[in-house]
Amino acid sequence: MRSFNIPTLDETFRPTVVDKIDNLNKPRRSLGYLETLAEQACMVQHTLTPRLSHPCHLLFGADHGIEREGVSVSPREVTWQQMINFTKGGGGVNMLCRQHGFHLRLIDVGVDYDLSAHPRILQRKLRRGTDNFRYGPAMSEEEFDRAIDIGAEMADYCHREDCTVLSIGEMGIGNTSPSSIWMHLLGDVPLGECIGAGAGLNAEGMKHKYAVLSEAVDRYKQTEKLRQTSSPHSPLSYFGGFEMAAAIGAMLRGAEHGMLVLVDGFIMSACMLAAIRINPAVRQYAVFAHCGDESGHRHMLQLMHAVPLLQLGLRLGEGTGALAAYPLLDSAVRMVNEMNNFDNAHITKYF
């Protein structure tokens with residue numbers, strides 16, 4: 001895997017940032033978490049006048065072999081159908097990108113369908129979906145690295161367009177399953193606490209999903225124990241999806257470029273958790289958009305000491321929660337740039 005040289009934030013600059021925010025004409029901390037966001041934006045960009053320019057949204061699409069096990073109520077063809085729908089502007093992600101001025105890029109990294117006739121979808125297909133991880137690795141380590149590189153490539157495109165804030169989403173039926181397993185293995189959380197209803201499983205479906213994922217995890221642990229090598233198969237490649245690995249690459253590369261990275265719901269939070277394990281410095285660039293309805297998402301956020309901006313019962317995916325939270329980041333940056341301070345406003349500083 002390529003290495004990512006993510007700058008560690010300059011903590012000697014923080015008192016200067018805090019001083020500016022505290023001297024805006026308002027009681028200290030009266031704008032609450034907006035002040036925290038403003039501080040983060042200043043620190044990431046190392047300036048007292050941060051800017052949000054050319055916001056970009058990357059949506060990676062891919063299919064999952066584990067979907068064949070009935071772990072999702074949505075059939076696999078919904079992945080390619082929605083990808084085509086996005087090209088026509090008809091998805092939730094399209095509406096929110098239009099509303100907030102995001103440049104949307106659609107990238108096929110592993111959809112089980114030929115999407116080459118749709119020029120709005122960038123073709124980076126590794127193959128038509130991962131293997132079924134109930135019986136073995138979803139992908140090879142080499143494929144995982146290639147997906148990471150694809151995500152980094154997309155972040156490079158955004159950087160060349162002067163993007164300072166990057167949002168990432170996914171389309172891949174069945175991808176709550178690998179996300180749950182990543183949370184279980186990376187966070188040392190009991191598997192049952194990591195599994196949710198996904199697109200709408202009932203109680204019986206949840207029971208089946210737990211049984212399938214438990215079997216897959218047990219097989220993985222047995223296989224890795226038997227291998228007894230110094231480089232065991234990473235749980236990221238063993239269980240992950242191509243779109244998830246690409247998202248990790250985009251997060252890491254975006255942070256390397258000094259971008260603020262908006263983190264969406266359960267799947268993208270799992271990707272950020274994985275990205276942190278690869279390079280912990282990426283956490284400083286992450287803005288956690290919302291806590292969704294998927295069981296375990298709140299616990300996953302706690303693993304990263306993350307405070308979500310919204311809690312609206314969202315579970316659509318596509319990066320829609322990240323886009324919906326963007327105006328709060330915009331308000332935070334406007335606050336630090338546009339509010340007057342006590343001296344200039346000739347207001348008595350009373351604290």
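Throughout what follows, the structure given in this document is the object of discussion.

## What about the pattern of salt bridges?
- As enumerated under the stated definition, the model contains 24 salt bridges in all.
- Here Arg 76 ties to Asp 112 by a salt bridge, and the two come within 3.1 Å at their closest N and O atoms. Linking Arg 76 in the loop between strand 1 (56–62) and helix 3 (77–87) with Asp 112 in the loop between strand 2 (103–110) and strand 3 (121–123), this pair joins segments that are 36 residues apart in sequence.
- According to the relative accessible area criterion, Arg 76 is buried, its value standing at 9%.
- Under the relative-accessibility criterion, Asp 112 is labelled buried at 19%.
- Across the pair Arg 128 and Asp 112 runs a salt bridge, and its minimum N-O distance is 3.0 Å. Here the residue Arg 128 occupies a position in the loop between strand 3 and helix 5 (141–160), and Asp 112 occupies one in the loop between strand 2 and strand 3, the gap between them amounting to 16 residues.
- Because the salt bridges share partners, they merge into one network encompassing Glu 67, Arg 68, Arg 76, Asp 112 and Arg 128.

## Focus on the packing of helix 2 (residues 33–45) against helix 12 (residues 320–338)
- Packing of helix 2 against helix 12 brings their axes to within 8 Å, and their N-to-C directions diverge by 75°. What the angle tells us is that helix 2 and helix 12 run roughly perpendicular. Listed contacts from helix 12 to Leu 34, Glu 35, Leu 37, Ala 38, Ala 41 and Cys 42 of helix 2 are Leu 328, Leu 329, Ser 331, Ala 332, Val 333, Met 335 and Val 336.
- Split by residue class, the contact of helix 2 with helix 12 holds eleven nonpolar, one polar and one charged.

## Digging into the state of the cysteines
- What the rule picks out here adds up to zero disulfides.
- No disulfide involves Cys 291; its nearest neighbouring cysteine sulfur is the one of Cys 194, lying 14 Å away.
- Judged by its relative accessible area of 3%, Cys 291 is buried.

## Observations concerning the sheet that holds strand 6 (residues 286–288)
- With parallel pairing, the six strands of this open sheet are ordered in space as 3-2-1-4-5-6. In this open sheet, the two strands that pair with only one neighbour each are strand 3 and strand 6. Here the strands of the sheet are splayed against their neighbours by 30° on average, with no regard to which way each runs.
- Sheet analysis places strand 2 next to strand 3, joined by three bridges and oriented parallel.

## Comments concerning the packing of aromatic side chains
- Inspection of every chain in the model, using the stated rule, returns six aromatic pairs.
- Members of the aromatic cluster, each reached through a chain of ring pairs, are Phe 133, Tyr 220, Tyr 238 and Phe 239.

## With respect to the environment of Asp 264
- Structurally, Asp 264 can be placed in the loop between strand 5 (260–263) and helix 10 (266–278).
- Classification of Asp 264 as buried rests on a relative accessible area of 3%.
- Taking the C-alpha atoms as reference points, Asp 264 and Ser 116, 148 residues apart in sequence, are found 27 Å from one another.
- If near-sequence neighbours (up to four positions away) are discounted, Asp 264 is found in contact with Ile 168, Ser 269, His 290, His 297, Gly 317, Glu 318, Gly 319, Thr 320, Gly 321 and Ala 322.

## Let's talk about the environment of His 118
- Residue placement: His 118 occurs in the loop between strand 2 and strand 3.
- Linking His 118 and Thr 87, residues 31 residues apart in sequence, is a C-alpha distance of 7.6 Å.
- Apart from residues lying up to four places away in sequence, His 118 is in contact with Ile 84, Thr 87 and Gln 123.

Cut-offs and rules
Residues numbered from 1 in each chain as written. Predicted model: local features only at pLDDT ≥ 70, side-chain atom pairs only at ≥ 80, totals over all residues. Heavy atoms only, no water. Salt bridge = Lys/Arg side-chain N within 4 Å of Asp/Glu carboxyl O. Helix = DSSP H or I, 4+ residues; strand = E, 2+ residues; numbered from the N terminus. Buried < 20%, exposed > 50% of the residue type's maximum accessible area, 1.4 Å probe, protein only. Axes fitted to C-alpha atoms, helices over the stretch in contact; angles between N-to-C directions. Parallel < 35°, antiparallel > 145°, perpendicular 65-115°, else oblique. Contact = heavy atoms within 4.5 Å. Nonpolar A, V, L, I, M, F, W, Y, C, P; charged D, E, K, R; others polar. Disulfide = S-S within 2.5 Å. Pairing = 2+ DSSP bridges. Phe/Tyr/Trp six-rings, centres within 6.5 Å; stacked < 30°, edge-to-face > 60°.

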